[in-house]
Amino acid sequence: MSAEKKILGKDEIEKIINETADRILNDNSDLDNFAIIGIHTRGVELSERIRNRMEIKSGKKIKHGTLDISFYRDDLATRGKLPVLKETLIEFNINKKTILLVDDVLFTGRTTKAALETLMTFGRPYIIRLFTLIDRGGRELPIQPDYCGFKVEAGEDDLVRVRLSDTDKVEDAVFLVNNK
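Conventions used here
- Residues numbered from 1 in each chain as written.
- Predicted model: local features only at pLDDT ≥ 70, side-chain atom pairs only at ≥ 80, totals over all residues.
- Heavy atoms only, no water.
- Salt bridge = Lys/Arg side-chain N within 4 Å of Asp/Glu carboxyl O.
- Helix = DSSP H or I, 4+ residues; strand = E, 2+ residues; numbered from the N terminus.
- Buried < 20%, exposed > 50% of the residue type's maximum accessible area, 1.4 Å probe, protein only.
- Pairing = 2+ DSSP bridges.
- Axes fitted to C-alpha atoms, helices over the stretch in contact; angles between N-to-C directions.
- Contact = heavy atoms within 4.5 Å.
- Polar contact = N/O pair within 3.5 Å; in protein donor to acceptor, adjacent residues only side chain to side chain.
- Right-handed = clockwise from strand over helix to strand, strands pointing away.

Let's shift gears to the pattern of salt bridges. Considering all chains together, one arrives at 14 salt bridges under this definition. Linking E4 and R161 is a salt bridge whose minimum nitrogen-to-oxygen distance equals 3.5 Å. Of this pair, E4 sits in strand β1 (residues 3–9) while R161 is found in strand β7 (residues 159–163), placing the two residues 157 residues apart along the sequence. When its relative accessible area of 30% is taken as the criterion, R161 is described as partly exposed. Between R49 and E45 there is a salt bridge whose closest N-O contact spans 2.6 Å. Taken as a pair, R49 and E45 lie in helix α2 (residues 42–58) at a separation of four residues, close to a single helical turn.

So this is what it looks like as C-alpha cells:
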C-alpha cells in the first residue's frame, strides 16, 4: 500500500524558482557566455521558468536548450523497454560557456552523469552547474547540485513525483510516495 504526501505546492515551487534565478544572476555576471539547458522532461519546463525570471530581472536574452539523455543512460539494457525519444536542441556553441543544467529530481546521480556525457558531445563548456528542484539523497555517484530547491529524506523504495502545469496539465506540486 502506498501513501502520498504533498511536500511542495505551487507557491513554494514558484518561490524556489524566483530565488534560484536571483542567486544564479548574482553568481553569473557575464550572461553573454551563460546558457540554461533543461533535461527532458520536467527539467525543460523548470529551465524555462528560471530563464524567464532571469531575462525579466536582467533585461537580457539568455541562450537555452533542451537535452535528451536516453542513449547515454547506463540502464538501457535493464529497463525492459525502449526509451521515448525527445528532442535535444542546442542551437549555440557551448564551448567556453557557463552552462546551467536543470533537472527536477536528483537521486542516484545517474541521470546527471548521462546529461553530462550527452552535453560533452556538443563541445567543452567552461563550467557546468546543476540545479535540481528536489534532492532526495541516495547518491550512487559523487554528484551534488550547485543549486537545490528542496531536500527531502526519501527511502530507497520511495518515489518523488514532480507535477508541473505545462507538462502534466495539473497544478504544480511535489509528492513523496511511500511504497511500503
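Right, let's talk about the sheet that holds strand β2 (residues 34–39) for a bit. Pairing between the strands of a sheet comes from backbone hydrogen bonds, and it takes one of two forms, parallel or antiparallel. Spatial ordering of the open sheet is given by β3-β2-β4-β5-β6, a layout of five strands whose pairing is parallel. Each of the sheet's edge strands pairs with one partner strand only, and the pair in question is β3 (63–67) and β6 (147–151). Between one strand axis and the next, the sheet turns by 20° as a mean value, whatever way the strands run. Relative to β3, β2 runs parallel, the two being bridged by five bridges. Its bridge partner being in β3, I36 is matched across the sheet by H64. Contacts from α2 reach β2, β3, β4 (98–106) and β5 (127–135), with the element oriented near 150° to β2.

Right, let's talk about unusual backbone geometry for a bit. Following H40, the chain continues into T41 via a peptide bond in cis, with omega recorded as 10°. As for its placement among the helices and strands, T41 is situated in the loop between β2 and α2. Phi angles above zero are rare outside glycine, and K96 is one such case at about 60°. With respect to the secondary-structure elements, K96 resides in the loop between β3 and β4.

A word on the side chain of D135. Relative to the assigned elements, D135 resides in strand β5. Within polar-contact distance, the side chain of D135 engages the side chain of R139 at 2.9 Å. Setting aside residues no more than four positions away along its own chain, D135 makes contact with L106, Q144, P145, C148, F150, K151 and V152.

Turning to the pairing of β2, a few remarks are in order. Taken across its six residues, β2 has six buried, putting it largely inside the fold. The two faces of β2 match: F34, I36 and G38 on one face and A35, I37 and I39 on the other face are all buried. When β2 meets β4, the two strands line up parallel, connected through five bridges. Residue pairing across strands places I37 opposite L101, the latter belonging to β4. The β-α-β motif built from β2, the intervening α2 and the parallel element β3 has right-handed crossover chirality.

This part is about the sheet that holds β7. An order of β1-β8-β7 is seen for the three strands of this open sheet, with the pairing classed as antiparallel. Of all strands in the sheet, those bounded by a partner on one side alone are β1 and β7. Averaged over all neighbouring strand pairs, the angle between strand axes comes to 25°, with direction disregarded. Across five bridges, β7 lies against strand β8 (residues 173–178) in antiparallel orientation. Its bridge partner lying in β8, V162 is registered against V174. Each of β1 and β8 is contacted by helix α1 (residues 10–27), which is oriented at about 45° to β1, the strand it contacts most.

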